[in-house]
Structure formats: structure tokens, C-alpha cells
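So the chains spell out like this:
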Protein chains: 2
Amino acid sequence: MAKIAIMGFGTVGSGVLEVCRRNAASISRRAGEPVEVKYILDVRDFSASPDAALFTNDINTILNDPEIKVVVETIGGTKFAYPYVKQCLQSGRSVCTSNKEMVATYGAELLGLAREHGCAFLFEASVGGGTPIITPIHQCLAANTITAVQGIVNGTTNFMLTKMKRENMGFDEALKIAQQLGYAETKDPGDDVDGRDACRKIAILSSLCFGRHVYPQNIPTRGIRDITVQDVQAAEKLDCAIKLIVWSRKNKDGSIAAAVEPMLVPFGNQLAGVDDVFNAVLVKGDMLGDVVFYGKGAGKLPTASAVVADVIDALKNGAAVHDSLFWQPAQPAEGQFRNEEYAPAYVRVNGLNGAVLQTIYGKGSVMFEQDGQCAYLAEQSNDSGLEQAAAKVQALGGSVALVLKKLAD
Amino acid sequence: MAKIAIMGFGTVGSGVLEVCRRNAASISRRAGEPVEVKYILDVRDFSASPDAALFTNDINTILNDPEIKVVVETIGGTKFAYPYVKQCLQSGRSVCTSNKEMVATYGAELLGLAREHGCAFLFEASVGGGTPIITPIHQCLAANTITAVQGIVNGTTNFMLTKMKRENMGFDEALKIAQQLGYAETKDPGDDVDGRDACRKIAILSSLCFGRHVYPQNIPTRGIRDITVQDVQAAEKLDCAIKLIVWSRKNKDGSIAAAVEPMLVPFGNQLAGVDDVFNAVLVKGDMLGDVVFYGKGAGKLPTASAVVADVIDALKNGAAVHDSLFWQPAQPAEGQFRNEEYAPAYVRVNGLNGAVLQTIYGKGSVMFEQDGQCAYLAEQSNDSGLEQAAAKVQALGGSVALVLKKLAD
């Protein structure tokens, strides 16, 4: 009998308990022994719960019990989760978490601690909800050098962009529906719509794929607030969907480029067809070519089932997993990553017309002119070119409202 | 230093050697030690090869060398592969294979041998080429009960169907191009176009997902020879693509249904957009919902990279993997699986008109009448209904040329 503890009894944490109970037989077979939740750490009052006897508000209850070999962390954030997880790992207990903020910020350190203390630090559920992404990347692609990763990793914004496309809906209306359905936070939806959630996930994927810690603050991050129905329609004319894309690439000189940005995704690209709350991550391996992992990016039971799969892995393999699931510590880079590769770029500008934009952005075509705005598709552009162009736009009394680079086919 | 042997130096076997050498550093890091190919077993003459010193034509060279811990089997077929693999496993050596015929026929026995002798029998490359499918299913979905699996697992036929759709090309012409490009065998393309290759793969996936051996001979298998340009165009009018689908399902009574058949796939289904030589497998988990694994289904280096990932896994985890990668032996069922669930069915019939077909197939609509043929979309049908209808068609002097059931959205 393997005894585990759950820290944080919110949506995912309660899902972990439910999954452990509902699929107890098959989990037991795969783990080699039954898996039982012995403690649940939560500061809130669960005395009326049928599982009241399991609750504790003291981390030491867990740390002092030698029976506990694996701890699930589903508190979220870093204030409590980070010191608790450190203590667990330092005591030789494996930790399985869905906490992307903690992994994106402290992943290298926590992986190092796990190795040092002969236990596992696993976080499959931190990217893609229940969809297997982290494990296939480090295990199944172990014979590949990964050169790039691209994906749609935020279900809320993908749901909104799908609504905007299918129902000619504006951003505000799409957000309202996402909030009504519980996909977006009512109080402050910024983590989703401004791309911060996606940024943490691409930081984790980049660290894993390229072998050294990549920090969220170095990744230029834009969300989807500026996108209008007109932009979506213009994209369709170009046989593209607008998607909030996370991407990361190892340049030939070994440097890394990464970003979170709304992009034009050609219909021929697998990511263009990923709609609603689905997530997909495309990985490019040097031997393998492109592979895509696709599934629902969130949800209580899917996410919890990924955490439980990690628990099984931790029970069976312990620290051995960290031969492949590992990245080196690194200092944050200065400033933000830049992308100097050329690609077509759609720009929507206030206060200037197409003829002027052509002189600024070079060869391209006018998509539409309307209400004092002009949308222009520049044939080739990169970060430096776009910055210089934006300065010229400003000097001429205009302002850049939106930039959408085009993802390769 | 881990020493391995490769049995069979064809496309995949030579790819394994190449991958081991090209990505030696990262493979060494992940395996915890360098991995070196010590022997290559092949009956052909490779004395002019730069690696001539590695070759042997005697399995005993491998079996008598205690340094060899893992053996790669890329001979193909079962005549030599099966007894050799048995000997390797019985001697406690792990085996990693891309041989779908052997796994589909003898999987349960070989998994049992591996467990018994404390070694690993791994076959990620047997389905989906290099695309991770087997490992994510048994490892990452360990906390799920899998209820169904559907996929496109034969790149050759998928390439041909894509050509037929995009270029209004007939079967013969599409086959010729597939042969010219090396995707289809020139001498006898039957393994691909008649669905036998796909059948072996769904047998493996079904065995893995449902926990007991499912035999290819119990799986009704039809290929794509009967599909015409008219069928492809009629499907498009129904917002569907025609795809060679493998599917498998656990019924509520615990029985299994499975088939390989060309189907109408609604554009809303993720599999409809899987084109060219790409493969995709969709798995339904009770906690997780749908996940899809997508990538190129074949190719020397992709497939070889999956074999090498298995080698790393075997070196690190040995027999422990078989707590989750395992299925029970079972006798073949009598006859073939049947599908009594109702679904829309497209039928193309020689010698009868739409009005007659309506009396036979019930409610539905005529898709086209042309050259003495009629294509009819029956609203609801199952295997028994279709059999009875086919008998009636025959009694009236007609014959059924094609049946395409519709996959759920």
C-alpha cells in the first residue's frame, strides 16, 4: 500500500482524490500496489466533508510521517507551494504538481533538489492539462535533438478566438461568454487573455526541450485583447486562422528565441484546426520531424488524471526519471528574446493609409482601410524591422494597433 | 558503456545505428551511460561496409555475449524474428522492436516472457513510426480506463486518399504515384491498400488499451481499392473526408468491437484533417476525454529514433515498465468482431436505383445515380442491417460495390 498526501484541495486536488478512488484497481495494477490518500493539507475548514479525517493544516504532519512517499502539490502560486515542495523534496519525498508558475520559476532548482535527494519532481499536468506532453517529449523523443516547439496552450483564449471566428464576435463579447462558462476568471482574466499563463507554459517547454532554464520574464508576451472581428476576417482571406501561439526555437548559434503572441496560422498548419478549449503542442525533432500532442488543455479530471499518472511514475521509477527529465540552472537573460528571422507580418495602423504603409513596411498588400485604420500585410519582416517601422509610423502621427506575424506552414 | 545488438540491417535497423551515432551525446546522458552497437545480425554480405567488423550471421554470437543487455529486432516478419526474440528474452535480454506483425501475433506471449525473465519487451515503433503512441497510452494515461481508440495508422493509403481528394485522382493513378515515391510496394501493395498493415496496428493498440490479446484475424478488415473519385466527391458534399480508419471499442458488456474500414470522417473530427503520409491516433480515456497523437507514420530515422528511445527505456527501467505495458494472453475469438451500433452509412450499389435502395436501406438520401450505379446515404444502419440489405440487393439482381460508415463527429 502506497500512501500519498495532497497539498491544496481545490479543483485539481479534489480531482486527484476522485481519480484515485474511481480508478483504484487499474492504478493499483500499474503502480504495483494500491495507492491511498492519507492526508490532505488545506488551511480551509473541511470538517463537514466526508473525508474530514484526512485533513490537516500543518505541513509537518506530512513531513513527519515516514509512510508518505509521494506528495501531490495542487495549491497553486508560489508563496506556500514553493517552500512546501522544497521541504518535501529535501526530505526525499517525490512531488507531483500541476503548478506551472512554480515550475516555470523554480523548475531547475526543484529538479536539482529531487536528484540530490533521490526522489522525483514531476509536472506533466503543468502543460496541456491531462494531455500527455512533458513525458512523451523527454522519454519518447529521447533519441532526438529538439529544434523547435510551437503550440496552443491556453484553452480560454483559444475558445474566445474560435468564437470570434465562427460567430463574428468581438473580443469583449467572447470574453463575457468565456467568463459565463467558467473558462475565464471573472475578476481579472489577464492571466489568460494577456498571455501570462501561456508564457509560463512555453517557459517550461523551452527549458525541457533545450536543456537549460528559460525564464518567463525573458519571453516577449502579448495576448489577444487587440484583435478585432476585422482582423479575424482579414486572416481568413489569407487562408489563416488567428491563434495565440507560443513558440520557442534553438538558433544555430545556440541562443534561444521564444515568444507568446497572436499569429496568423496558415490552414495547412496542424495548429490552425485546433479549436475551442483544445490545446496542441507541436515538437520538431531532428530525427523524427514534427509530432503533435492534442487534447483538452484543462478540466478537473483530465488534469488530475495526469497528476495521478505522475504519482504512479514516481512510485515506480523515483529519481531515475531525471536522467531525461532535467534541465540545467541558468540565470535569466538580459531583456527579452528577439526574433530576427523574416516572416510575413500583418500590421493594423491608426492614422496612416496603405500607400504610406507600403513606404514604411516595404513590399506587401493592403488588407483593408476603414475608420481611419489600415491593415497591411508586409511580405517580410523581423523584430528589428518592425520596431523601426513602428518608430516611423509614430513620427508620421500614426500608431500601430496590432502586429500578427505569420507562422510557417 | 551499454552494448547493444541489432538484428536485421534493413531500413530501420540501419537507421538505429545512424541515430545512435548522430545523437550519441544526448542518448548517453539520458541512458545514464554511452550506448554502443556491438553486433549487427544479418545473413546478407556486408563485408564491404565500413562497419563490417560488427556483422555476424549467428544469433549465438549475441546470446553468448554477457555484455549485450538489449537487442534491437528489425528483421520484420515472424519466421526468424519470433524465435530469435524469444531466445533473447529467455536469456534475460531486453528486446526493442518495430515489428508489428510479431507483436500483433505473439505480443502477449513475449510480454509474459519479458516479465518472467526480468527484462523488457518494447515496441513503440510498431505503431505510428516515430510518433509516440504506445508509451503515452500506457504510461501517461495510467490513471484512465480507456474506452475507445480510433486512428489513421497507414501512411500509404492516407497519402493515396489525400491525392484522390485534392487532385480528383482515381485509385490506380494514386497507387502508381505512391509506388513511384516508394510509399507503396511495387510488387504487391496489398499489405497497405487492403488494410492488413493497419489491422496489425489496431490489434496492438486494442490489446494494449483493453488489457487482453486481440488478434488480427478477428478484426474485419477492408482496404481502399473500391473507392472512386465519385465517392470522394460525394463525401465532400457531406462535409466528410474518406479515410482508412482503424477503430476499437470496449462495449458495455465487456466485449470488444474493432475494424479496419474506409469511413466517412466529418470535417469536425480531428482525424479528417490528417493528410498525406501522416498518422494520428485518438484515444478516449474516462477521466481525460480525447487525446490525439499525430506525426509521420513511417520513415527510416523517425522509426529508428522511436526504437532507440525504447532502448534507453529498457536500459533504465528494465522489466518495471511491464506493470503498465502488459496485456493478458487470450484465445482468438470465433469469427470476426461485429459492430451493432447504429450510424449513417453510405452505400454504392450496382444495378438498382435510388427508389429501390430507399425501400431496402430505409430513410436516407440519394447521393448520385450514374452509369447504372446509385450511391445512397442511409440514415441509420449497423452490421446486421447492412448484411440483410446486401442480401436483398442481391435478390433484386444488384450488388453492393462499397459501404462507408460514418465516424462520429
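Above this text you will find the structure in question.
Only a predicted model underlies this, so the values are computations on that prediction, with no experimental measurement involved. (Residues numbered from 1 in each chain as written. Chains lettered and ligands numbered in written order. Predicted model: local features only at pLDDT ≥ 70, side-chain atom pairs only at ≥ 80, totals over all residues. Heavy atoms only, no water.)

Let us look at the pattern of salt bridges. Applying the stated criterion to the full structure yields 52 salt bridges over all chains. A salt bridge links E67(A) to K38(A), with the nearest nitrogen and oxygen atoms 2.5 Å apart. Here E67(A) is found in the loop between α3 (59–63) and β4 (68–73), whereas its partner K38(A) is found in strand β2 (residues 35–41), with 29 residues between them in sequence. Overall, the relative accessible area of 38% leaves E67(A) in the partly exposed class. In this structure, D51(B) and R21(B) form a salt bridge, with 2.9 Å as the shortest nitrogen-oxygen distance. Here the residue D51(B) occupies a position in the loop between β2 (35–41) and β3 (55–56), and R21(B) occupies one in helix α1 (residues 11–22), the gap between them amounting to 30 residues. Linked through salt bridges whose partners overlap, the residues forming this network are K165(A), R166(A), K243(A), D275(A) and D276(A). (Salt bridge = Lys/Arg side-chain N within 4 Å of Asp/Glu carboxyl O. Helix = DSSP H or I, 4+ residues; strand = E, 2+ residues; numbered from the N terminus. Buried < 20%, exposed > 50% of the residue type's maximum accessible area, 1.4 Å probe, protein only.)

Right, let's get into the interface of chain A and chain B. Counting from both sides, the interface comprises 48 residues of chain A and, opposite them, 48 residues of chain B. Overall, the association of chain A and chain B removes approximately 4,100 Å² of surface from exposure, summing both partners, and the carbon and sulfur fraction of that is 53%. The largest share of the area that chain A buries against chain B comes from R30(A), M287(A) and Y294(A), three residues that together contribute 17% of it. Remark: the boundary between chain A and chain B carries 0 salt bridges. Taken together, the links from chain A to chain B amount to 21 residue pairs in polar contact (both at pLDDT 80 or more). Elements represented by at least two residues in the side of chain A that touches chain B include exactly α1 (11–22), α2 (24–31), α6 (134–140), β11 (289–296) and α12 (300–317) of chain A. The element contributing the most residues to the side of chain A that touches chain B is α12(A), with 9 residues. Across the side of chain A that touches chain B, the residue classes break down as 22 nonpolar, 16 polar and 10 charged. (Contact = heavy atoms within 4.5 Å. Buried area = accessible area lost by both parts, 1.4 Å probe. Polar contact = N/O pair within 3.5 Å; in protein donor to acceptor, adjacent residues only side chain to side chain. Nonpolar A, V, L, I, M, F, W, Y, C, P; charged D, E, K, R; others polar.)

Right, let's get into helix α7 (residues 155–167) of chain A. All names here are of chain A. Here α7 spans 18 Å end to end across 13 residues, near enough to the 18 Å set by a 1.5 Å rise per residue. Within α7, 10 of the 13 residues are buried, which leaves the element mostly enclosed by the surrounding structure. Within the sequence span of α7, burial applies to G155, T156, T157, N158, F159, M160, L161, T162, M164 and K165. Residue N154 occupies the N-cap position of α7, its side-chain oxygen lying 3.3 Å from the main-chain nitrogen of T156. Remark: N168 follows α7 within two positions and exhibits a positive phi of approximately 45°. (Expected span 1.5 Å × (residues − 1).)

Let's shift gears to the packing of helix α13 (residues 354–361) of chain A against helix α14 (residues 383–395) of chain A. All names here are of chain A. At a minimum axis distance of 9 Å, the contact between α13 and α14 shows a crossing angle of 140°. Put simply, α13 runs oblique to α14. Two packed elements cross with a definite hand, and for α13 against α14 that hand is right-handed. Contacts between α13 and α14 involve L357, I360 and Y361 from the first element and L386, A389, A390, K392 and V393 from the second. Residue classes in the contact of α13 with α14 are distributed as 7 nonpolar, no polar and 1 charged. (Axes fitted to C-alpha atoms, helices over the stretch in contact; angles between N-to-C directions. Parallel < 35°, antiparallel > 145°, perpendicular 65-115°, else oblique. Left-handed = near helix turned anticlockwise from the far one by under 90°.)

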